[in-house]
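# Geometric and topological summary
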Amino acid sequence: MDLLVTAKFIKEQRKEKGLTQAELAEKIAVSEKTISKWECGKGFPDTSLMLPLCEALDITANELLSGKKLNEKEYKASAETNLVELKDKTEKLSRFLLMIEWVLGYFVTFSFLVPVFLIVFVQMATWLKVVLYILGFVQVLIGLHFCMMIEKDVGFYECEHCHHKHIPSYKQMYAAMHMGRTRYMKCPKCGKKSWQKKVLK
Ligand SMILES: [Zn+2]
């Protein structure tokens, strides 16, 4: 996948359809600026926009990723390459996101020590202590929820029994006992509970 080749292809296909950037933008509910960015190779439609864009331009996702119209033989060959490349990119992004989660998790947890430290060692009115404590607590809750958001959407959880991979709901995640990223949850396929590990593919 080459960003500039795809950018040129999007522009060509849009013109072939007789659409202006504004018209195409309206069709898939994004801003004109976004279309212009894609056509300059400064960005790439994220997965939720790929299919609407392809539909509007009358091309396949595979053609979009390849940056050209494909015949049947080319289609099959490039489908595999694109899939592998896309998987590779997704996996790299997943690892990066999980690292962010890890850093954020530690940062948020330790930063709670700041208000605690102030409350214990600095002379202040009781109401101020309460406010500080609540602020610290809210900060931890928000931070940990961000971590949870990352963890939920990156990769899958794998059932120990049937090896089915799934993405749990927030409710399930919050209710589950966990050790690091391994969570004790019910498998939606076999219905058994187990310690489910985070897997990226
Ligand atoms: Zn299972």
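Quick note: structure is the one above.
Here's a quick rundown of the structure. Source: prediction; values computed, not measured. (Residues numbered from 1 in each chain as written. Predicted model: local features only at pLDDT ≥ 70, side-chain atom pairs only at ≥ 80, totals over all residues. Heavy atoms only, no water.)

Scanning the protein chain from terminus to terminus reveals nine helices and five strands. In the protein chain, the succession of helices and strands from N to C terminus is α-α-α-α-α-α-α-α-β-β-α-β-β-β. Relative to the 2.2 N^0.38 estimate, which gives 17 Å for 201 residues, the radius of gyration of the protein chain is 23 Å and therefore markedly larger than a compact globule would have. In the protein chain, buried positions account for 33% of the 201 residues. Put simply, of all contacts in the protein chain between residues at least 6 apart along the chain, 52% involve residues at least 24 apart. Put simply, the protein chain shows about 13300 Å² of open surface, and 64% of that area lies on carbon and sulfur atoms. When the 30 basic and 22 acidic side-chain charges of the protein chain are each reduced to a single mean position, those positions are 8 Å apart. (Helix = DSSP H or I, 4+ residues; strand = E, 2+ residues; numbered from the N terminus. Rg over C-alpha atoms; globule rule 2.2 N^0.38 Å. Buried < 20%, exposed > 50% of the residue type's maximum accessible area, 1.4 Å probe, protein only. Contact = heavy atoms within 4.5 Å. Areas by Shrake-Rupley, 256 points an atom, 1.4 Å probe, with all protein chains shown as cover. Lys, Arg positive; Asp, Glu negative; His and termini not counted. Charge placed at Lys NZ, Arg CZ, Asp CG, Glu CD.)

Take the coordination of the zinc ion next. For the zinc ion, the full set of protein donor atoms is C159 (SG), C162 (SG), C187 (SG) and C190 (SG), and the range of their distances to it is 2.3 to 2.4 Å. Around the zinc ion sit four donor atoms; with metal-centred angles ranging over 105 to 114°, the donor geometry is tetrahedral. For the zinc ion, the donor residues sit on a single chain with the sequence spacing C-x2-C-x24-C-x2-C. Residue C159 is found in the loop between β1 (156-158) and β2 (165-166), and its partner C187 is found in the loop between β4 (182-186) and β5 (193-199); the two are separated by 28 residues along the sequence. Take C187: its relative accessible area is 2%, and that puts it in the buried class. (Donors = N, O, S within 2.8 Å, 3.2 Å for Na, K, Ca; no water. Tetrahedral: all angles 85-135°; square planar, octahedral: opposite > 155°, others 65-115°.)

Another aspect to go through is the sheet that holds β4. Strand order in the open sheet formed by five strands is β2-β1-β5-β4-β3, with antiparallel pairing between adjacent strands. The strands lining the two open edges of the sheet, one partner per strand, are β2 and β3 (177-179). Bridge count for β4 against β5 is four bridges, and the pairing is antiparallel. Counted as the bridge partner of Y184 is W195 from β5. (Pairing = 2+ DSSP bridges.)

We now examine the packing of aromatic side chains. One pass over the full model with this rule turns up six aromatic pairs. For the pair Y106 and F110, a centre-to-centre distance of 6.2 Å together with 15° between the ring planes defines the contact as stacked. Residue Y106 and its partner F110 are both found in helix α6 (residues 72-111); the two are separated by four residues, about one turn of the helix. (Phe/Tyr/Trp six-rings, centres within 6.5 Å; stacked < 30°, edge-to-face > 60°.)

Another point: a nonpolar patch on the surface. There is a patch of nonpolar side chains on the surface, built from L93, F96, M99, I100, W102, V103, Y106, F110 and L113 and spanning about 950 Å² of accessible area. In terms of residue count, α6 provides more of the nonpolar patch than any other element does, eight residues in total. On the secondary structure map, L113 appears in helix α7 (residues 113-121). On the basis of relative accessibility, which here comes to 49%, the residue L113 falls in the partly exposed class. (Patch = residues over 30% accessible without salt bridge, like charges linked within 9 Å, V, L, I, M, F, W, Y side chains within 5 Å. Salt bridge = Lys/Arg side-chain N within 4 Å of Asp/Glu carboxyl O.)

Closest axis-to-axis distance for the α7/helix α8 (residues 126-153) pair is 8 Å, and the angle between their directions is 165°. Relative to α8, the element α7 is oriented roughly antiparallel. Here the hand of the crossing between α7 and α8 comes out left-handed. Two secondary-structure elements touch here, α7 through P115, L118 and I119 and α8 through K129, L132, Y133 and G136. By residue class, the composition of the contact of α7 with α8 is five nonpolar, one polar and one charged. (Axes fitted to C-alpha atoms, helices over the stretch in contact; angles between N-to-C directions. Parallel < 35°, antiparallel > 145°, perpendicular 65-115°, else oblique. Left-handed = near helix turned anticlockwise from the far one by under 90°. Nonpolar A, V, L, I, M, F, W, Y, C, P; charged D, E, K, R; others polar.)

In this structure the tally under the stated criterion is eight salt bridges. With a shortest N-O distance of 3.3 Å, D58 and K17 are connected by a salt bridge. Remark: K17 occurs in the loop between α1 (3-16) and α2 (21-27) and D58 occurs in the loop between α4 (47-57) and α5 (61-66); sequence separation between them is 41 residues. A relative accessible area of 41% places K17 in the partly exposed class.

Now for the nonpolar core. Formed by 18 residues in total, the largest nonpolar core has its most connected members in L24, I28, I35, W38, L53 and L64. At the level of secondary structure, the elements contributing two or more residues to this core comprise α1, α2, α3 (32-39), α4 and α5. The element contributing the most residues to this core is α4, with six residues. Once residues within four sequence positions are removed from consideration, L53 is found in contact with I10, L24, I28, W38, P45 and L64. Of all hydrophobic cores here, the second largest spans five residues; its members include Y157, M173, A176 and M185. (Core = buried A, V, L, I, M, F, W, Y, C linked by side-chain atoms within 4.5 Å.)

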